[in-house]
Amino acid sequence: MADSKSEVLITGAEALMRSLEHHGVKTIFGYPGGSIMPVYDALYDHLDKLHHILVRHEQGATHAAQGFARVSGEVGVCLVTSGPGATNTITGISDAMIDSTPMVVIAGQVGTGFLGTDAFQEVDLVGITQPITKWSYQIRRAEDVAWAVARAFYIARSGRPGPVVLDFAKNAQVDKTAYEPVKVDYVRSYVPVPEPDEEAIRQAAELINHAGRPLVLVGQGVELGNAQQELREFIEKADMPAGCTLLGLSALPSDHPLNKGMLGMHGNLGPNINTNKCDVLVAVGMRFDDRVTGRLDTYAKQAKIIHFDIDPAEINKNVKVDLAVLGDCKETLTAVTRLLHPAKHKAWLDSFTVYEQVEEEKVIRPELHPASPVLSMGEVVRAVSEATRHEAILVTDVGQNQMMSARYFKFTKERSMVTSGGLGTMGFGLPAAIGATFGRPDRTVCVFMGDGGLQMNLQELGTVMEQQAPVKMILLNNNYLGNVRQWQAMFFNHRYSFTPMMNPDYLQIAAAYGIPAKRAFTRAELKQAIDEMLSTKGAFLLEACVEREGNVMPMTPPGGSVNQMLLEC
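Given the structure is predicted, the values throughout are model-derived calculations rather than measurements.

Engineer: I'd like to hear about the overall build of the protein, residue by residue, with values.
Structural biologist: From N to C terminus, the protein includes 23 helices and 20 strands. For the protein, the C-alpha atoms occupy an extent of roughly 80 × 65 × 40 Å along the three principal directions. Residue pairs at least 24 apart in sequence account for 76% of intrachain contacts in the protein once pairs closer than 6 positions are excluded. Of the roughly 22900 Å² of accessible surface on the protein, a fraction of 52% belongs to carbon and sulfur atoms. Separation between the mean location of the 52 positive side-chain charges and that of the 64 negative ones in the protein comes to 3 Å.

Structure follows, in structure tokens:
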């Protein structure tokens, strides 16, 4: 071992740069400030290996990191300053936690000698973020940097992924330390992947083998576990229909014959109604969110329920299950599939066709081929999807644009759905789409937004401009906060309290940022605008002026049972 006096000493900030490179980081989303300035100074010498994207707001950094992580499978990284810089990340951290997105947020902090003194831009970030992270830690010494970063990345990406926060005191950034790369692959009392139970696997196979009306619920866990092929083999061998959660939509190709559509409040009739008719319900990597289950006291009471999940905390949290199969679904699905008997469930599958026909006649056809000359949201979404041959990555904001996109955009490739599911964060779409273009620069990224959500992080058009991020932005503009307006129409006697929107001229805003843009009122204008958008190298804004009071149907009303879906407002 070298004598400590002869060791090369570097600053904690430099140790952070080397640690990030050691853990394979190539992309960082951030915004500098006083308490993180030594780190940014160190970053200046690493720009050949670390690509830093300067966002226009720290919330934008977190959502961009989420979009990057969701499409790439890597850990998203954010770099921000203390105080308001740190607190501006809270929404994105919360979003990443509930949607299981691996992210490491590194925030500056005042020096340890100033902690607790209400120093300028001091805030207790660890205290604030502990409930909304997998791990939150304050680095107070330069010699702890390599270990803290290694532990952060291990926790963020292992097991059920999620966000980690490192609160980096300024003295630890400037003090000197010897550096040696650190690898962490074990944390005491932390079991990221439970060991599969052979008896549970055997029982799961037995229940499925004896099922006459099995139904599989596909969640984002399939995408996170890279188990898309294992899922297909599982459902195909036992001939089981599947419904997908919002975040699980691209885990199974949209045109797969066993894919019966989306689950949940605005999902498809078949998988929702048949949830309360199946005899074995198999949930894979999903958490029985209330928007999927509706009323719990009437949810799948007739069925034996099997829950595949990596997180023991999800078992029996919302829905009491008959059998839990814990572990990595890439392994557990394979293990159960080996024990399955080849089966056919023609009559059961045919029952979905009846609901598909009803939904096609009552909802889908009127939405995609409206009698009105005014564009509908659904036809705009479908037109863009078809123009991209259903190969694009879909990013959405939150609201009617999100639900319509989920219903009418189709998927042929994995990791193609990026949206804010559990938290429902308006303003998510634009920065997440920016991040997605860096996570998968080889693919087309289309983001659908409403006029409300776009304005919540409109400043990120500056990031698009500076980075030349090739985001295809589709604004579904109805001059309303559409989702809230729909609820006001249906449940509050059309009392539109503060949902009409007075909007700016978005084309002039796009022009100010040097972004090509077109506005479409008619179907001919829409087709021309889509063609121009997809043939344009780089970013493009397409404003589709859609019907003002369009509704997303079907809909399970709040407090209703999953099988009680309304077909009209």
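Next comes the rest of the description.
Engineer: Kindly report on the nonpolar core, identifying the contributing residues and their values.
Structural biologist: Among the nonpolar cores identified, the biggest contains 71 residues, and Val216 and Phe234 are the most heavily contacted of them. Broken down by element, the residue count for this core peaks at 5 residues, all from helix α9 (residues 198–209). Excluding residues that lie within four positions of it along the chain, Phe234 makes contacts with Ile208, Val216, Met240, Val282, Phe308, Leu333, Val336, Thr337 and Leu340. Counting 36 residues, the second-largest nonpolar core is a separate cluster that includes Ile36, Val75, Ile106 and Tyr154.

Engineer: Talk me through the pattern of salt bridges; I want residue IDs and the actual numbers.
Structural biologist: According to the stated counting rule, one finds 21 salt bridges in the structure shown. A salt bridge links Asp350 to Lys346; the shortest N-O distance between them is 2.8 Å. You can see Asp350 and its partner Lys346 sitting in helix α15 (residues 346–368), 4 residues apart, about one turn around the helix. The partly exposed category is assigned to Asp350, whose relative accessible area is 34%. Three or more residues are tied together by salt bridges with common partners; here these are Arg160, Asp311, Glu314 and Lys317.

Engineer: Residue-level account of helix α21 (residues 482–491), with values.
Structural biologist: Side chains that are three or four residues apart share a direction in an α-helix, a result of its 3.6 residues per turn. Within the sequence span of α21, burial applies to Gly482, Arg485, Gln486, Gln488, Ala489 and Met490. As for α21, its buried residues are in contact with α17 (400–408). A positive backbone phi angle near 55° is found at Asn493, which sits one or two residues after α21.

Engineer: Report on α15, specifying residues and quantitative values.
Structural biologist: Residue Glu360 marks the point of greatest curvature in α15, where the axis turns by about 50°. Of the residues making up α15, those classed as buried are Trp348, Leu349, Phe352, Tyr355, Glu359, Val363, Ile364, Glu367 and Leu368. Check the buried side of α15 and you find it contacts β9 (214–218), β11 (259–262), α12 (269–275), α16 (377–387) and α17.

Engineer: Could you give an account of a negative patch on the surface, naming the residues involved and the relevant values?
Structural biologist: On the surface, Glu195, Asp197, Glu198 and Glu331 cluster together into a patch of negative charge. Its location among the elements puts Glu331 in helix α14 (residues 329–339). Overall, Glu331 belongs to the partly exposed group, its relative accessible area being 48%.

Engineer: An account of the sheet that holds strand β7 (residues 163–169) is requested, with residue identities and associated values reported.
Structural biologist: Spatial strand order, β3-β2-β4-β5-β7-β6: 6 strands in an open sheet with parallel pairing. Two strands lie at the open edges of the sheet, namely β3 (51–54) and β6 (135–139), each paired on one side alone. Strand-to-strand twist of the sheet, defined as the mean angle between neighbouring strand axes without regard to direction, takes the value 20°. Here 4 bridges tie strand β2 (residues 27–30) to β3, and the two strands are oriented parallel to one another. In the strand pairing of β3, Phe29 is matched with Ile53.

Engineer: I'd like to hear about unusual backbone geometry, residue by residue, with values.
Structural biologist: In this structure, Pro554 follows Met553 across a cis peptide bond, with omega equal to 0°. Within the element layout of this structure, Pro554 appears in the segment after β20 (540–545). Here the phi dihedral of Phe288 falls at roughly 55°; this positive angle occurs in a residue that is not glycine. As for its position among the elements, Phe288 is in the loop between β12 (280–284) and α13 (290–293). Unusually for a residue other than glycine, Gln468 sits at a positive phi of about 55°. Tracing the sequence through the fold places Gln468 in the loop between α20 (461–467) and β18 (471–477).

Engineer: Explain the sheet that holds strand β14 (residues 323–326) to me, using residue names and the numbers behind them.
Structural biologist: Strand order across the open sheet formed by 6 strands is β11-β10-β9-β12-β13-β14, with parallel pairing between neighbours. Lying at the two open borders of the sheet, with one neighbouring strand each, are β11 and β14. Geometrically, the sheet is characterised by an average inter-axis angle of 20° between neighbouring strands, direction not taken into account. Here strand β13 (residues 304–309) pairs with β14 via 4 bridges, running parallel. Opposite Ile306, over in β14, you have Leu323 as the bridge partner.

Engineer: I'd like a description of the environment of Ile132, backed by residues and values.
Structural biologist: Assignment of secondary structure puts Ile132 in the loop between α6 (125–129) and β6. Judged by relative accessible area, Ile132 falls into the buried class, the value being 17%. On a C-alpha basis, the gap between Ile132 and Met97 in space is 6.1 Å, while along the polypeptide they are 35 residues apart. Residue contacts for Ile132: discarding those within four places in its chain leaves Ile90, Ile93, Ser94, Met97 and Pro163.

Engineer: Break down the packing of aromatic side chains for me, with residues and values.
Structural biologist: Here the structure, examined in full by the defined rule, presents 13 aromatic pairs. Ring geometry for Phe409 and Phe411: centres 5.8 Å apart, planes at 55°, overall tilted. Consider the rings of Tyr480 and Tyr496, whose centres lie 5.6 Å apart with planes at 75°: the pair is edge-to-face. Within this pair, whereas Tyr480 is found in the loop between β18 and α21, its partner Tyr496 is found in the loop between α21 and α22 (506–512), the two being separated by 16 residues in sequence. According to the relative accessible area criterion, Tyr480 is buried, its value standing at 8%. Taken together, the aromatic side chains of Phe29, Phe68 and Phe438 make up a single cluster linked through ring pairs.

Engineer: Tell me what's going on with the packing of α15 against α17, and back it up with residues and numbers.
Structural biologist: Between α15 and α17, the least distance of the axes is 12 Å, while the angle of their chain directions is 110°. Comparing the axis directions of α15 and α17 gives the class roughly perpendicular. Crossing geometry of α15 relative to α17 is assigned as left-handed. For the pair α15 and α17, the contacting residues are Glu359, Val363, Ile364, Glu367 and Leu368 in the first and Met404, Arg407 and Tyr408 in the second. When grouped by side-chain class, the residues that make up the contact of α15 with α17 number 5 nonpolar, no polar and 3 charged.

Engineer: Can you break down the side chain of Ser250 residue by residue, with the values?
Structural biologist: Checked against the element boundaries, Ser250 lands in the loop between β10 (242–244) and β11. A polar atom in the side chain of Ser250 sits 3.0 Å from the backbone nitrogen of Ser416. Side-chain polar atoms of Ser250 contact the backbone nitrogen of Met417, separated by 3.5 Å. Leave out the neighbours within four places in its chain, and Ser250 touches Glu223, Phe411, Lys413, Glu414, Arg415, Ser416 and Met417.

The rules behind the values
Residues numbered from 1 in each chain as written. Predicted model: local features only at pLDDT ≥ 70, side-chain atom pairs only at ≥ 80, totals over all residues. Heavy atoms only, no water. Helix = DSSP H or I, 4+ residues; strand = E, 2+ residues; numbered from the N terminus. Contact = heavy atoms within 4.5 Å. Areas by Shrake-Rupley, 256 points an atom, 1.4 Å probe, with all protein chains shown as cover. Lys, Arg positive; Asp, Glu negative; His and termini not counted. Charge placed at Lys NZ, Arg CZ, Asp CG, Glu CD. Core = buried A, V, L, I, M, F, W, Y, C linked by side-chain atoms within 4.5 Å. Buried < 20%, exposed > 50% of the residue type's maximum accessible area, 1.4 Å probe, protein only. Salt bridge = Lys/Arg side-chain N within 4 Å of Asp/Glu carboxyl O. Bend = angle between axes of the 7 residues up to and from the residue. Patch = residues over 30% accessible without salt bridge, like charges linked within 9 Å, V, L, I, M, F, W, Y side chains within 5 Å. Pairing = 2+ DSSP bridges. Axes fitted to C-alpha atoms, helices over the stretch in contact; angles between N-to-C directions. Phe/Tyr/Trp six-rings, centres within 6.5 Å; stacked < 30°, edge-to-face > 60°. Parallel < 35°, antiparallel > 145°, perpendicular 65-115°, else oblique. Left-handed = near helix turned anticlockwise from the far one by under 90°. Nonpolar A, V, L, I, M, F, W, Y, C, P; charged D, E, K, R; others polar. Polar contact = N/O pair within 3.5 Å; in protein donor to acceptor, adjacent residues only side chain to side chain.

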